[in-house]
Amino acid sequence: MRRRIYLDFNASTPICPEAVEAMRPFLADHYGNPSSLHWAGMPAKDAVEKARGQVAGLLGCDPTEVVFTSGGSESNNHAIKGVFFANRDRGDHIVTTTVEHPATLNPCRFLEKLGARVTVLPVDRDGMVDPNDIRRAITSRTILITVMHANNEVGTIEPIPGISAIAREAGIPFHTDAAQTVGKISADVEELGVDLLSMAGHKVYAPKGIGALYMREGTKIEPFVHGAGHEAGRRAGTENVLLAVALGAACEAARKWIGMPRVKALRDRFRDGLRGIFGEQVTLNGHPTERLPNTLNVNFVGRVGAEILAMLPEVAASTGAACHAGSVTLSPVLAAMGVPPEEGMGAIRFSLGRTTTWEELAEVLDRLGSNS
Ligand SMILES: Cc1ncc(COP(=O)(O)O)c(C=O)c1O
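A few words now on the environment of Asp-188. Note that Asp-188 resides in the loop between β6 (174-177) and α7 (189-192). As for Asp-188 and Gly-60, which are separated by 128 residues in sequence, their C-alpha atoms are 5.1 Å apart. Setting aside chain neighbours within four positions, we find Asp-188 in contact with Leu-59 and Gly-60. A polar side-chain atom of Asp-188 sits 3.0 Å from the main-chain amide nitrogen of Glu-191.

Structure representation (structure tokens):
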């Protein structure tokens, strides 16, 4: 068996040593409820609040504006449904884009059943939405704009500051799904100008099942889980202390990785290597420059991505198309970008991480070359 190579860090990341260490005492020693005022509850409460501060430090916000959630999907659901339910007197219209994660598009679809009207804006060939389209889509009934910070499949970074300026001028809350950017590039809420921001722990080297939602002070939003007054009344349920401390530690550790220059250089060297082997038979999906530093989504033109990966079982990466009974369906993201099916059926997303080495990438190039 060849050594395994993981190039699917946009799907999930390993837990970083800092998060592992932070969790240890909460596995072995501390079991109190953070809401309890006695000796057992206090360390738990302190730990949750420290973690909240660490998350806030990465996002550039006040700790009181951070709510712990179960992950990216819940954060998006809370933001979208919570704003809709809290603003029904103001309107019913939501603006979003075709390239959002299902964790955004499906809550919007659900709200349509409750009377919401949803405008889903197109993107260009690079996967980018035009802020002018957002401006044109706004009506007097618009209560929410939700546009992802960067796309999980192709890595395109959306023009969030431009969109937030438009949202602010119109007085409309603006949510961004930053599951793919937090820890990779700056996701400072003031620089972005957003009112709500979703993040997912397992994309930032924390465990699965934890995330956070940034809520700008004053944003009108319903709680997602109703119950007791946890999380300042914004999300009921005893806090997941173990995972919250892990998320906090991971967020603090992530600060030194922002920009990922080493990973970006490796990714570009890998792309050059692919060009060297395949020439014009490999094309890029996503914006050439406004793209996550770790993400390379390429089409092996005329081939099927899943078949290529099947020949490299030791390499973990993702395809951009599904094959059923001989026919190929492009992912909704590639389809929305207008990637021709004969190109997109050969799409593979390689997403690199902190631990990726050139030796690993060179081995993948070697294996791809010998299977071409
Ligand atoms: C852009 C984006 N949003 C949301 C999610 C969902 O996050 P989670 O798996 O934590 O629910 C993902 C995960 O794939 C994602 O990439």
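From this point on, the discussion continues.
What follows deals with the domain arrangement of the chain. Interface size is commonly expressed as the accessible area that is lost once the parts come together. Taken domain by domain, the chain holds domain 1 (5-13 + 259-370) and domain 2 (17-256). Taking the mean C-alpha position of each, domain 1 and domain 2 sit 28 Å from one another. Residue-level contacts link 30 residues of domain 1 with 27 residues of domain 2. A buried area of about 2400 Å², summed over both sides, lies between domain 1 and domain 2, and 52% of it is on carbon and sulfur atoms. It is Thr-13, Leu-292 and Arg-354 in domain 1 that bury the most area against domain 2; as a group they hold 27% of the surface buried on that side. Linking domain 1 with domain 2 are zero salt bridges, by the criterion used here. Remark: the boundary between domain 1 and domain 2 carries 18 residue pairs in polar contact (both at pLDDT 80 or more). Ranked by residue count, the leading element in the side of domain 1 that touches domain 2 is helix α12 (residues 332-336), at three residues. Taken together, the residues of the side of domain 1 that touches domain 2 sort by class into twelve nonpolar, 13 polar and five charged.

Attention now moves to the packing of helix α2 (residues 41-59) against helix α9 (residues 241-254). Where α2 meets α9, the closest approach of the two axes is 8 Å, and the angle between their N-to-C directions is 35 degrees. Like other packed secondary-structure pairs, α2 and α9 cross with a definite hand, here left-handed. Contact residues: α2 offers Ala-44, Ala-47, Val-48, Ala-51, Gln-54, Val-55 and Leu-58, while α9 offers Val-241, Ala-244, Val-245, Leu-247, Gly-248, Ala-249, Cys-251, Glu-252 and Ala-254. Looking at the contact of α2 with α9, its residues break down into 13 nonpolar, two polar and one charged.

In β6, alternate side chains face the same way, and those of Phe-174 and Thr-176 on one face and His-175 and Asp-177 on the other are all buried. Pairing of strand β5 (residues 142-146) with β6 involves two bridges; the strand directions are parallel. Bridging across to β6, Thr-146 finds its partner in His-175. With helix α6 (residues 160-170) bridging β5 and the parallel β6, this β-α-β connection has right-handed handedness. Pairing of β6 with strand β7 (residues 196-200) involves three bridges; the strand directions are parallel. Residue pairing for β7: Thr-176 is matched across the bridge by Leu-197.

Quick notes on the rules
By convention here, each chain's residues receive numbers from 1 onward along its written sequence. Per-residue local features of the predicted model are confined to residues with pLDDT of at least 70, and side-chain atom pairs are confined, for both listing and counting, to 80 or more; whole-chain, interface and lining totals are unaffected and use all residues. Hydrogens and water are ignored here; the side-chain numbers use all heavy atoms of the structure. Only DSSP runs of H or I with at least four residues qualify as helices, and only runs of E with at least two residues qualify as strands; both kinds are numbered from the N terminus onward. The criterion used for residue contact is that any of the two residues' heavy atoms lie within 4.5 Å. N or O atoms closer than or at 3.5 Å make up a polar contact, with two conditions inside protein: a donor-capable atom paired with an acceptor-capable one, and, for residues adjacent in sequence, both atoms drawn from side chains. For the domains described, the bounds stem from an automatic or database domain assignment. By buried area we mean the combined loss of accessible area, with a 1.4 Å probe, across both parts when two parts are placed together. Only one rule defines a salt bridge in this text: a Lys or Arg side-chain nitrogen within 4 Å of an Asp or Glu carboxyl oxygen. We call Asp, Glu, Lys and Arg charged. Ala, Val, Leu, Ile, Met, Phe, Trp, Tyr, Cys and Pro are nonpolar, and the rest, Gly among them, are polar. Orientation is described by lines fitted to C-alpha atoms, with helices fitted over the stretch in contact, and by angles between N-to-C directions that extend from 0 to 180 degrees. Left-handed describes a crossing whose near helix is turned anticlockwise from the far helix by less than a right angle; the clockwise case is right-handed. When a residue's accessible area, from a 1.4 Å probe over protein chains only, is under 20% of the maximum for its type it is buried; when over 50% it is exposed; and in between it is partly exposed. Here, any two strands with at least 2 DSSP bridges between them count as paired. Crossover handedness is defined here as right-handed if the route from the first strand over the helix to the second strand goes clockwise, with the strands pointing away from the viewer.

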